[in-house]
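Okay, here's what each chain looks like letter by letter:
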Amino acid sequence: AVWAAVDGTAIQGKLDIHSLRSLTGNISSKLVIYTEDSFAKKWVEAILRSDKAVAMDAINVYPMNGDGTAVKANKYHNLDPSNKVKSICIIDGDSKQQDSEADKVFRLPGESPEKYIYGKVVELISNPNETKIGELSLLLQKRYEDSNFVEKKIKDVGITCRDYHLLFSQIGKSIGFISETVVKSAFLHLWSRYYTDESGKILSIIKNNMTI
């Protein structure tokens, strides 16, 4: 763990040099976003990539290894008058922290993030009149012809997995030792592309808070 002392308060978390620089304003961007963990960071970045009008290099997203840490980092970042670039915090749906527009703390949809994304994507690929499973198979580095196999393995893992933090790792192993990172990216991409109502709300929050 790394501790940072900000305005007389200690913040604990896996703070790397980039996140520490964000607290001191030593960055060049139009918005800083603090998230609870690396999965939420990937989720927010997938939402950003779904809109070609968003300049990815103008936004910095930092995972803070805990919702409380993310909320505190966001609070002290915005309290520091030397920070010309403002920040927002995006917490998970199941966070016990309070979301507040005034405090620039917002919430992702769903409850357990991994379970929510998994469930939404399973809804997409279960529609027999759509070809979403073929698209997902390609994103998972499998052939389009492997779609039925991929769908079965994904649903089997959903039945047997008891720890939702391991969902994507187990899916990767079951379909042929595909990297967990690849699996997460594939699921998040599909969600962001087709659940535009929900992803659009997050996009609007981000755009409305960017420094002009």
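Quantities reported herein were computed from a predicted structural model and do not represent experimental measurements.

Conventions used here
Residues numbered from 1 in each chain as written. Predicted model: local features only at pLDDT ≥ 70, side-chain atom pairs only at ≥ 80, totals over all residues. Heavy atoms only, no water. Buried < 20%, exposed > 50% of the residue type's maximum accessible area, 1.4 Å probe, protein only. Helix = DSSP H or I, 4+ residues; strand = E, 2+ residues; numbered from the N terminus. Pairing = 2+ DSSP bridges. Right-handed = clockwise from strand over helix to strand, strands pointing away. Axes fitted to C-alpha atoms, helices over the stretch in contact; angles between N-to-C directions. Contact = heavy atoms within 4.5 Å.

*Asks:* What's the story with the pairing of strand β3 (residues 31-35) in this structure? I'm lost.
*Replies:* Consecutive side chains of a regular strand alternate in pointing toward one face of the sheet and then the other. With 5 of 5 residues buried, β3 is to be regarded as a mostly interior element. Burial of the side chains of β3 extends over both faces: Leu31, Ile33 and Thr35 are buried on one face and Val32 and Tyr34 on the other. Summarising the sheet, β3 and strand β4 (residues 59-63) pair through 5 bridges and their orientation is parallel. Bridged to Thr35 within β4 is Pro63. Handedness of the crossover joining β3 and β4 through helix α2 (residues 38-49): right-handed.

*Asks:* When you look at the sheet that holds strand β5 (residues 87-91) in this model, what are you seeing that I'm missing?
*Replies:* Sheets are built from strands paired through backbone hydrogen bonds, the pairs being either parallel or antiparallel. With parallel pairing, the 4 strands of this open sheet are ordered in space as β4-β3-β5-β6. Every interior strand has two partners, whereas the edge strands, β4 and β6 (105-107), have only one. The mean angle between the axes of side-by-side strands here comes to 25 degrees, regardless of whether they run parallel or antiparallel. Where β3 and β5 come together, 4 bridges link them in parallel fashion. Pairing of Tyr34 across the sheet is with Cys89, part of β5. Lying on the sheet, α2 is in contact with β3, β4 and β5; it crosses β4 at an angle near 160 degrees. With respect to the sheet, helix α9 (residues 196-208) is in contact with β3, β4, β5 and β6, its orientation differing from that of β5 by roughly 160 degrees.

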